[in-house]
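What the coordinates show
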Amino acid sequence: MIKIESYYVEEYHKSVPHVVKFSGGRSSGALLFSLLENGLLDADRGDVIVFNNTSAEHHKTYDFVMECKRRCESKYNIPFFLVEFQTYESCRNGTYDRFSTYKLVNNKPYSETNPNGYHSKGEIFEELISWQGYLPSLLSGRTCTKNMKMDTTVAFLNDWFAFKEFNVPVVRLGHFGESSRIDKNLLYEKHLRHGGSVPKEIYLEKKEYALNRHLFRSTQNFRDYTSVQIENKPLYTKKGIVEYCSLIGFRADEPLRLEKMKKRIDDKSNENISVAYLRDKNEHVYAPLVEYNVEQKDIKDFWDSREWDLGLPYDGSLGNCVYCFMKGATKLSSIQSNNDDITPENIDWWVRIEEKYQRDLKAEGREISTEENPFINFFGVGKKLSYSVIKEGSGLEANDDSLPCNCTD
Ligand code: SF4
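Residues numbered from 1 in each chain as written. Predicted model: local features only at pLDDT ≥ 70, side-chain atom pairs only at ≥ 80, totals over all residues. Heavy atoms only, no water.

1. Quick notes on the overall build of the chain
- Along the backbone of the chain there are 12 helices and 12 strands.
- For the chain, the proportion of its 409 residues judged to be buried stands at 52%.
- The long-range fraction of contacts in the chain, counting pairs at least 24 apart against all pairs at least 6 apart in sequence, stands at 73%.
- In the form shown here, the chain has an accessible surface area of approximately 19100 Å², with 48% of it arising from carbon and sulfur atoms. (Helix = DSSP H or I, 4+ residues; strand = E, 2+ residues; numbered from the N terminus. Buried < 20%, exposed > 50% of the residue type's maximum accessible area, 1.4 Å probe, protein only. Contact = heavy atoms within 4.5 Å. Areas by Shrake-Rupley, 256 points an atom, 1.4 Å probe, with all protein chains shown as cover.)

In C-alpha cells form, the structure reads like this:
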C-alpha cells in the first residue's frame with residue numbers, strides 16, 4: 001500500500017466532493033486503491049470515480065477497469081461510473097443538428113441485447129470524428145481528449161452534483177421523432193457559413209456515421225450503473241456553486257505533465273481548458289502521488305505485490321487508445337496486433353479511419369505547399385507519416401515525433 005495522508009492546500013477542501021479521474025492505467029489504479037485503502041474517499045461526501053471510455057482501449061485495459069470498478073464498489077462502497085461521449089439530434093435556433101453529451105454505460109460490452117454496455121470497437125471515437133468532420137491531429141490538437149474525456153466528464157459532473165437524490169433520473173435529450181430530422185442541405189450551408197470549404201459530397205460522406213448514430217440520449221438513473229446504493233446528500237456550496245477536488249494519477253517522476261497542466265489551468269485565455277466545471281475556481285486539482293513522491297518503481301512494487309494487475313507492458317505502448325497518434329512512429333510500429341477483428345486494437349482500423357476522414361486540401365481548393373501529400377491526417381499536414389506508412393514499416397526514421405500522450409491531463 002502507498003501511504004497517503006492529507007494533501008490539502010486548504011482545510012475546507014477536505015469537505016467537498018472528490019472526483020477520481022481514472023485513466024485505466026496502473027498509476028491511476030494505484031492512486032485509486034491507495035486512496036481507498038487509506039480511507040480517504042467517502043461516498044457521503046459525494047465522492048465518485050469516473051472512467052471515460054473512448055472505445056479504442058486495449059481489451060486488457062477494459063478487463064482492468066471492470067475489475068477496479070467491481071472492487072471499488074463492492075469492498076469500499078464508492079460509486080464508479082463508466083462514461084462515454086455521445087451525440088443526439090435536437091433543434092436549436094430553428095434548425096436540427098447533432099449536439100454532444102455523455103452517456104452512462106454498464107460493465108458489460110455493448111451488444112444488441114445489452115444496448116447500455118460499453119463500446120470497444122471504435123464506435124465512440126468514430127462518432128466524434130464524424131460529428132466534428134475532421135481528425136484530431138498533431139495540427140488541430142487533441143480534440144479527442146477534449147471531447148471524449150474532458151468535456152464528457154464535465155457534462156457528467158454537472159448532473160452528478162445537481163442531483164441531490166440518488167434516484168432522480170437524468171433527463172432524456174433529443175427530439176421524439178422516429179427518424180432523422182436533419183436537413184443535409186442546411187447542414188452543409190452551416191459548414192460553408194463557418195468558413196468550411198469541403199466539397200458537399202465529401203462533407204456529407206464524413207458526416208454519415210454520426211448522422212446514423214442514436215437520435216436521442218435516453219433517461220438515465222445513476223443507480224442503474226453502480227452497485228453502490230447511496231443517497232446523495234446536499235453538497236457543500238459556495239455562492240450557490242459546487243466546488244470539488246479532482247484527483248489525478250500523475251507521478252513524481254513526470255514533472256512535465258504536471259507543469260503543462262498547471263500552465264493550462266492558469267492560462268485563462270486558453271479556450272481549450274475545460275477543467276473548470278462551473279468555471280473558474282470550482283475545481284481543485286490534486287496529484288497525491290506527486291505530493292508523496294511516488295515514482296514508476298513504486299507503482300511497479302504496488303502491482304507486483306497484488307494478485308491482479310493490468311497485464312500490459314510498463315512502457316505505455318498499449319495504454320490509452322492503443323494506436324494513439326501521440327505515441328510516435330517508433331512506438332506505434334512496434335505494436336503487434338493480435339486481434340484479427342478490425343477494431344482499434346488493429347492498425348487497420350486506424351488506416352481506415354484516417355483515409356476516410358483526413359482532409360484533402362486539394363479537393364478543398366486550398367493552397368498547398370507540397371504536391372506530394374495534400375492531406376491533413378492524424379500526424380498533421382504535408383507529412384509523409386500516416387497509419388498506412390506505419391503499417392508498411394517504411395520511411396519511419398525521419399518521422400518519429402514521439403510525444404507523451406498526456407491524455408488524462
Ligand atoms: S489516447 Fe490519444 S487518441 Fe486517445 S483520446 Fe487520448 S490523445 Fe486521443
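2. Observations concerning the packing of aromatic side chains
- Per the counting criterion, the structure on display carries 32 aromatic pairs.
- A centroid spacing of 5.0 Å and a plane angle of 25 degrees characterise the contact between Y62 and Y118, whose relative ring orientation is stacked. Of this pair, Y62 sits in helix α2 (residues 59-76) while Y118 sits in strand β5 (residues 117-118), placing them 56 residues apart in sequence. Take Y62 and Y118: they sit in the same class, and that class is buried.
- An angle of 35 degrees between the planes, with centres 5.7 Å apart, marks the rings of F64 and W308 as tilted. Of the two residues, F64 is situated in helix α2 and W308 in the loop between α9 (296-304) and α10 (329-334); the sequence distance between them amounts to 244 residues. The same class applies to F64 and to W308, which are both buried. (Phe/Tyr/Trp six-rings, centres within 6.5 Å; stacked < 30°, edge-to-face > 60°.)

3. Notes on the sheet that holds strand β8 (residues 244-247)
- Pairing is mixed in the open sheet, where seven strands are placed in the order β5-β4-β3-β2-β1-β8-β9. Of all the strands in the sheet, the pair left with one neighbour each is β5 and β9 (283-286).
- Pairing between strand β1 (residues 18-21) and β8: three bridges, direction parallel. Paired with H18 across the bridge in β8 is C245.
- Here α2 sits on the sheet and contacts β2 (48-53), β3 (80-92), β4 (95-109) and β5; the angle it forms with β3, its principal contact strand, is near 110 degrees. (Pairing = 2+ DSSP bridges. Axes fitted to C-alpha atoms, helices over the stretch in contact; angles between N-to-C directions.)

4. Thoughts on the pairing of β3
- The buried fraction of β3 is high, at 11 of 13 residues.
- One ladder, built from 11 bridges, connects β3 with β4; its direction is antiparallel. Residue pairing for β4: C91 is matched across the bridge by Y96.
- The hairpin turn running from β3 into β4, its antiparallel successor, is two residues long, and N93 in that turn takes a positive phi close to 50 degrees.

5. Description of the nonpolar core
- Of all hydrophobic cores here, the largest spans 89 residues; its most connected members are L32, F80, F156 and Y387.
- What F80 contacts, discounting residues up to four positions off in sequence, is F22, L32, I49, F51, V65, C68, K69, C72, E73, Y225 and T226.
- Listed in part, the seven residues of the second largest apolar core include I182, Y188, L204 and L211. (Core = buried A, V, L, I, M, F, W, Y, C linked by side-chain atoms within 4.5 Å.)

6. A short note on the pattern of salt bridges
- In this structure the tally under the stated criterion is 23 salt bridges.
- Across the pair R306 and E37 runs a salt bridge, and its minimum N-O distance is 2.6 Å. Note that R306 is positioned in the loop between α9 and α10 and E37 in helix α1 (residues 26-37), a separation of 269 residues in sequence.
- Between K300 and D304 there is a salt bridge, and its shortest N-O distance comes to 3.0 Å. Taken together, the residues span about one helical turn, with K300 and D304 both in helix α9 at a distance of four residues.
- Its relative accessible area of 38% is what places K300 among the partly exposed residues.
- Put simply, E67, R70, R71 and E307 are held in one network by salt bridges that share partners. (Salt bridge = Lys/Arg side-chain N within 4 Å of Asp/Glu carboxyl O.)

7. With respect to the sheet that holds strand β12 (residues 380-381)
- Strand order in the open sheet formed by three strands is β10-β11-β12, and the pairing between neighbours is antiparallel. On the outer flanks of this sheet lie β10 (359-360) and β12, each paired with one strand and no other.

8. With respect to helix α6 (residues 200-211)
- Buried within α6 are the following residues: Y203, L204, K206, K207, A210 and L211. Down the axis, α6 shows its buried residues gathered within 160 degrees of arc, on one side only. Seen from the open side of α6, the exposed residues pointing more than 90 degrees away from its buried face are E201 and E205.
- Of the surrounding elements, those touching the buried residues of α6 are β4, α3 (123-132), α5 (184-193), α11 (347-357) and β10. (Arc of directions from axis to C-beta.)

9. Let's talk about the packing of α1 against α2
- Across the interface, α1 lies against α2 with an axial gap of 12 Å and an inter-helix angle of 5 degrees. Classed by the angle they form, the pair α1 and α2 counts as roughly parallel. Two secondary-structure elements touch here, α1 through L32, F33, L36 and E37 and α2 through C68, R71, C72 and Y76.
- Of the residues that constitute the contact of α1 with α2, the class distribution is six nonpolar, no polar and two charged. (Parallel < 35°, antiparallel > 145°, perpendicular 65-115°, else oblique. Nonpolar A, V, L, I, M, F, W, Y, C, P; charged D, E, K, R; others polar.)

10. Here we look at the environment of S120
- Positionally, S120 belongs in the loop between β5 and α3.
- For S120, a relative accessible area of 23% translates into the label partly exposed.
- Expressed as a C-alpha distance, the spacing of S120 and Y62, which sit 58 residues apart in the sequence, is 8.3 Å.

11. A look at the environment of E10
- With respect to the helices and strands, E10 occurs in the segment before β1.
- Judged by its relative accessible area of 42%, E10 is partly exposed.
- In the structure, E10 is positioned 274 residues away from H284 in sequence and 10.0 Å away in space, judged by C-alpha atoms.

12. Points about unusual backbone geometry
- You will see that S55, though not glycine, has its phi angle at about 70 degrees, which is positive.
- Within the secondary structure layout, S55 lies in the loop between β2 and α2.
- The phi dihedral of N293 is positive, around 55 degrees, even though this residue is not glycine.
- Positionally, N293 belongs in the loop between α8 (288-291) and α9.

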